[in-house]
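Per-entry structural report
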Amino acid sequence: MKDEIADLRRDYNNNTLQIEEVEALPIPQFSKWFDDAMKGGVLEPNAMILSTVNEQGRPSSRVVLLKGVDEKGFIFYTNYQSRKAQELAGNPMASLLFNWMQQERQIRIEGKVELLEENLSNSYYNKRPLGSRIGAWSSPQSRYIPNRKILEENVKSIEHLFEGNEEISRPPFWGGFRLVPDKMEFWQGRSNRLHDRLMYSLESDGSWRIERIAP
Ligand SMILES: Cc1cc2nc3c(=O)[nH]c(=O)nc-3n(C[C@H](O)[C@H](O)[C@H](O)COP(=O)(O)O)c2cc1C
């Protein structure tokens, strides 16, 4: 088994990445690659790894779904009492990572996370299927629970609470965050591990610098 892992080997040679060809701004460049991932058969192209760091410097990572990109940054939704939310409250610096192997690509994003505006959280919550809206109320995300039955009981009592109501309001402990990037690295796999890497860095005057990094 160990030998088999060491022998896994694939040469990447589908695409290239050149400074002359990329967008001047990183979010439009992200959107281009995201479209490629959508068209190119990536399962859940909006699944991204969010890494946070607690106040003792201990990092933790998990997958969350990207639910929007605007001119400011990358939007995701979660429980505001979860481990990730608590870590972000203590240290808002975080990173996102996309890995789209069908395109032999990786995007690394770093920046500060802010709370999403309430109106945006509300309108996204209200668009979710009923089961997901109830699910958000029912799960004390990241807490230890003795068994699964507790969740099912929570669902029943939330259903009972909102019985006859057309609207289920967004739980005060659930909503969006936006990661506002100050660094974004685009990685394109190339032959013989001589990959292309381009880093966009935000300058103090608000412009973005683009530089090549050694693989
Ligand atoms: C494909 C996939 C998508 C997920 N999307 C989300 C999401 O959008 N929001 C979320 O809170 N958790 C999502 N999760 C669950 C998280 O990975 C994680 O288990 C949860 O948010 C609790 O993390 P925490 O305890 O570090 O806060 C997703 C997991 C997977 C595998």
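Look up: the structure comes first, before these words.
Below is a summary of the structure that appears in this document. Treat the numbers as computed from the prediction; the structure is a model and nothing was measured. (Residues numbered from 1 in each chain as written. Predicted model: local features only at pLDDT ≥ 70, side-chain atom pairs only at ≥ 80, totals over all residues.)

Along its length, the chain carries 6 helices and 9 strands. Seen through its principal axes, the chain has C-alpha atoms that stretch 60 × 50 × 40 Å. Put simply, the chain has 215 residues, and 23% of those count as buried. Long-range contacts, defined here as pairs at least 24 residues apart, represent 62% of the contacts in the chain between residues at least 6 apart. (Helix = DSSP H or I, 4+ residues; strand = E, 2+ residues; numbered from the N terminus. Buried ≥ 20, exposed ≤ 12 C-beta atoms within 10 Å, placed from the backbone. Contact = placed C-beta atoms within 7 Å.)

Negative phi is the rule for most residues except glycine; trans is the rule for most peptide bonds. Non-glycine residue glutamate 104 carries a positive phi angle of around 55 degrees. Along the polypeptide, glutamate 104 turns up in the loop between β5 (93-100) and β6 (105-115). We note that asparagine 192 has phi near 55 degrees; this positive angle belongs to a residue other than glycine. Residue position: asparagine 192 is located in the loop between β7 (174-188) and β8 (196-202). We classify asparagine 192 as exposed; it has 9 C-beta atoms within 10 Å.

Across 8 bridges, the pairing between β5 and β6 is antiparallel. Counted as the bridge partner of tryptophan 100 is arginine 105 from β6. The hairpin turn running from β5 into β6, its antiparallel successor, is 4 residues long, and glutamate 104 in that turn takes a positive phi close to 55 degrees. Relative to β7, β6 runs antiparallel, the two being bridged by 11 bridges. (Pairing = 2+ DSSP bridges.)

Before going further, it helps to spend a moment on the pairing of strand β4 (residues 74-79). Across 2 bridges, strand β3 (residues 68-69) lies against β4 in antiparallel orientation. Across the sheet, residue glycine 68 finds its bridge partner in β4, namely isoleucine 75. In this structure, the hairpin formed by β3 and β4 is closed by a connection of 4 residues. Both β4 and β7 contribute to a ladder of 6 bridges, which runs antiparallel. Across the sheet, tyrosine 77 pairs through a bridge with glycine 176, a residue of β7.

We now examine the nonpolar core. Core analysis: the biggest nonpolar cluster contains 29 residues, and Ile107 and Leu179 have the highest contact counts within it. Every element with two or more residues in this core is listed here: α2 (26-39), β1 (47-53), β4, α3 (83-90), β5, β6, β7 and β8. At 6 residues, β7 tops the list of elements feeding residues into this core. Look past the residues within four positions of leucine 179 in its chain and what remains in contact with it is Gly73, Phe74, Ala94, Leu96, Ile109, Gly111 and Val113. (Core = buried A, V, L, I, M, F, W, Y, C linked by C-beta atoms within 7 Å.)

The next thing to look at is α3. Of the residues making up α3, those classed as buried are Lys84, Ala85, Glu87 and Leu88. The buried side chains of α3 occupy one side of the element, clustering within an arc of 160 degrees when seen end-on. Residues of α3 that are buried make contact with β1, β2 (59-65), β4, β5, β6 and β7. (Arc of directions from axis to C-beta.)

Residues in close proximity to the ligand total 16 residues, the closest being Arg62, Thr78, Ser82, Lys84 and Ser142. Listing elements by their share of the shell around the ligand, those giving two or more residues are β2, β4 and α3. Along the lines of polarity and charge, the residues of the shell around the ligand split into 6 nonpolar, 6 polar and 4 charged. (Near = placed C-beta within 6 Å. Nonpolar A, V, L, I, M, F, W, Y, C, P; charged D, E, K, R; others polar.)

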